[in-house]
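Given next are the chains, with one letter for each unit.
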Amino acid sequence: SDIEKGTYPYYMLKEIDEQPTVMRRIIQEYTDAIGDTMIDEKIVKKIIASDRIYVVACGTSYNAGWVGKALLEKMTNIPVEVHLSSEFGYNMPLLSEKPFFIFLSQSGETADSRQVLVQLNELGLPSLTLTNVAGSTLSREADYTLLLHAGPEIAVASTKAYTAQIAVLAVLAKAVGDSKKNQSSLKFDLAHELSVIAAVMETIIDEKMSISQLVEEYLSTTRNAFYIGRGVDYFVSMEASLKLKEISYIQAEGFAAGELKHGTIALIEEGTPVLGVITDRKTAAHTRGNLKEVESRGAHNFVISLGSLSKETDQLIIPDVHPLLTPLVSIIPTQLIAYFATLQRGYDVDKPRNLAKSVTVE
Ligand code: G6P
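Being a predicted model, the structure only gives us computed values, none of them experimental.

Draft legend 1. Region of interest: the overall build of the protein. Broken down by element type, the protein carries 14 helices and 10 strands. Over its C-alpha atoms the protein spans a radius of gyration of 20 Å, differing by no more than 12% from the 21 Å that the globule rule assigns to 362 residues. Here the C-alpha coordinates of the protein stretch approximately 55 × 40 × 40 Å along the principal axes. Relative to its 362 residues, the protein shows a buried fraction of 53%.

Printed below as a string of structure tokens:
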């Protein structure tokens, strides 16, 4: 069945491998034969009627929210804010006149997120939950639900739910953008681009043994590590470092590449691994500059780049995909990096210490 490990040593590896299938399932569930999106018109109308979207989530879902912000703003022209549930609930930001709320939650049971939704329901504000679990609390208590169709996620470290959240947010962004006759949305063939994504994910996953070797070389004994990037590459860096620290216990931080020099660069020592994520054409040269800065201070650089932006010295080169969707592929090597770093250190990949799959206390 779907939730057996089969020949896999760990659920996490199985769930990483399932991501191309999940992308294809999302295309099937949410787009029709001519590539139009299939999202409940009521949701689209509510979002168009709003003047601001608030994304509320925790952990990996929160990190997916930042990528979703980039997609939603580009395709819908509606401003988007991303908030941590545990902060939003007790320090509610000043809301716009017509807010719309999107909850991201793999489990649909996270208490921090639920306490926010309870407050919003008391205020009578509209909400949508993106979740992997039909009938979950956050699904029942929000006005609308979109399912992730990722299949059960068992490993504590979330992988396929992250990419599914981004893909479903892309579908939602296109549905709203198309309905607003937004040109960048209308000319975006999302169904096709997601099928390209699925194929590229497979290419990266097939290279997993070379990623294992790179991990041995760069991360086998280190105490800490940094991921850096700009724009969506920064958002991917946040998730990549969360994944790494959650299961391998390497103290990993994701930083905006340009911000490192304003403080955190003090932590760079001889041999500190710095992993650069470079998929954004506008900022590629700047991130390379930041990598040079840390290299001259002893950093052991590791670069994940997109084919057309790559240099021969880069460690990992990903085939090109649509510029709006690069996080869906650049995250894959970082999931495998976390997986292999954990294996090589001899820890339990699926059951990290101190963490639970779903946290039902505030
Ligand atoms: C827990 C898990 C994380 C997850 C977070 C949010 O802390 O360990 O992996 O990202 O909850 O979970 P949710 O189900 O709301 O996406």
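Draft legend 2. Here's a closer look at the packing of helix α2 (residues 19-30) against helix α10 (residues 190-206). Following both chains from N to C, one finds α2 and α10 inclined at 170 degrees, their axes separated by 8 Å at the closest point. Between α2 and α10, the interaxial angle falls into the category roughly antiparallel. The segment α2 lies against α10, with Gln19, Pro20, Met23, Arg24, Ile26 and Ile27 engaging Ala191, Leu194, Ser195, Ile197, Ala198, Met201 and Glu202. Considering only residue class, the contact of α2 with α10 consists of nine nonpolar, two polar and two charged.

Draft legend 3. Representation of the site of the ligand in the model. The environment of the ligand is formed by 16 residues, the closest being Gly59, Thr60, Ser105, Ser107 and Thr110. Looking at which element gives the most residues to the shell around the ligand, the answer is helix α4 (residues 59-76), with three residues. For the shell around the ligand, the per-class residue count stands at five nonpolar, 10 polar and one charged.

Draft legend 4. Expanded view of the confidence of the model for the protein. Across the protein, the average pLDDT comes to 96, with 99% of residues at 70 or higher. Per the prediction output, this complex has pTM 0.97; the corresponding ipTM is 0.98.

Draft legend 5. Structural detail: the sheet that holds strand β2 (residues 80-84). In space, the five strands of this open sheet follow the order β2-β1-β3-β4-β5, with parallel pairing throughout. In this open sheet, the two edge strands, each paired with only one partner strand, are β2 and β5 (144-147). Direction aside, neighbouring strands of the sheet carry axes that sit 20 degrees apart on average. In the sheet, strand β3 (residues 99-105) pairs with strand β4 (residues 127-131) via five bridges, with the strands oriented parallel.

Draft legend 6. A look at α2. Taking 1.5 Å as the rise per residue, α2 with 12 residues should run 16 Å; its terminal C-alpha atoms sit 16 Å apart, in good agreement. Among the residues making up α2, those that are buried are Gln19, Pro20, Val22, Met23, Ile26, Ile27 and Tyr30. Considered in projection along α2, the buried side chains sweep an arc of 160 degrees and stay on one side of the axis. Buried residues belonging to α2 abut α1 (11-17), α8 (160-179), α10 and α14 (327-345).

Draft legend 7. Summary view of the packing of helix α11 (residues 208-219) against α14. Interaxial distance between α11 and α14 falls to 9 Å at its minimum, and their mutual angle equals 60 degrees. In terms of orientation, α11 and α14 fall into the oblique class. In the crossing of α11 with α14, the sense of the turn from one axis to the other is right-handed. From α11, Lys208, Ile211, Ser212, Val215, Glu216 and Leu219 reach across to α14, where they touch Pro333, Leu336, Ile337, Phe340, Ala341 and Gln344. Residues of the contact of α11 with α14, tallied by class, amount to eight nonpolar, two polar and two charged.

Draft legend 8. Region of the structure containing the nonpolar core. Ile26, Ala167, Val168, Val171 and Ile197 are the most contacted members of the largest nonpolar core, which has 121 residues in total. Considering each element in turn, this core owes the most residues, 13 residues, to α8. Beyond its immediate stretch of four places on either side in the chain, Val168 contacts Ile26, Tyr30, Leu130, Leu146 and Leu148.

Draft legend 9. Local environment of unusual backbone geometry. Its identity is not glycine, yet His149 carries a phi of approximately 55 degrees, on the positive side. Within the secondary structure layout, His149 lies in the loop between β5 and α8. Phi is positive for Asn354, close to 65 degrees, though the residue is something other than glycine. When you line up the elements, Asn354 lands in the segment after α14.

Draft legend 10. Here's a closer look at the environment of Val294. Secondary-structure assignment places Val294 in helix α13 (residues 284-295). When the C-alpha atoms of Val294 and Val349 are compared, they prove to be 30 Å apart, with 55 residues separating the residues in sequence. Once residues lying within four places of it in the same chain are set aside, the contact partners of Val294 are Leu260, Ile265, Ile268, Val274, Ala299 and Asn301.

Draft legend 11. Region of the structure containing the sheet that holds strand β9 (residues 300-306). The five strands lie next to each other as β7-β6-β8-β9-β10, forming an open sheet whose pairing is parallel. In this open sheet, the two strands that pair with only one neighbour each are β7 (251-256) and β10 (316-318). Averaged over all neighbouring strand pairs, the angle between strand axes comes to 15 degrees, with direction disregarded. The strands touched by helix α12 (residues 232-248) within the sheet are β6 (224-229), β7 and β8 (273-278), with β7 carrying the most contacts at an inclination of about 175 degrees.

The rules we used
- Residues numbered from 1 in each chain as written.
- Predicted model: local features only at pLDDT ≥ 70, side-chain atom pairs only at ≥ 80, totals over all residues.
- Helix = DSSP H or I, 4+ residues; strand = E, 2+ residues; numbered from the N terminus.
- Rg over C-alpha atoms; globule rule 2.2 N^0.38 Å.
- Buried ≥ 20, exposed ≤ 12 C-beta atoms within 10 Å, placed from the backbone.
- Axes fitted to C-alpha atoms, helices over the stretch in contact; angles between N-to-C directions.
- Parallel < 35°, antiparallel > 145°, perpendicular 65-115°, else oblique.
- Contact = placed C-beta atoms within 7 Å.
- Nonpolar A, V, L, I, M, F, W, Y, C, P; charged D, E, K, R; others polar.
- Near = placed C-beta within 6 Å.
- pLDDT = per-residue confidence, 0-100.
- Pairing = 2+ DSSP bridges.
- Expected span 1.5 Å × (residues − 1).
- Arc of directions from axis to C-beta.
- Left-handed = near helix turned anticlockwise from the far one by under 90°.
- Core = buried A, V, L, I, M, F, W, Y, C linked by C-beta atoms within 7 Å.

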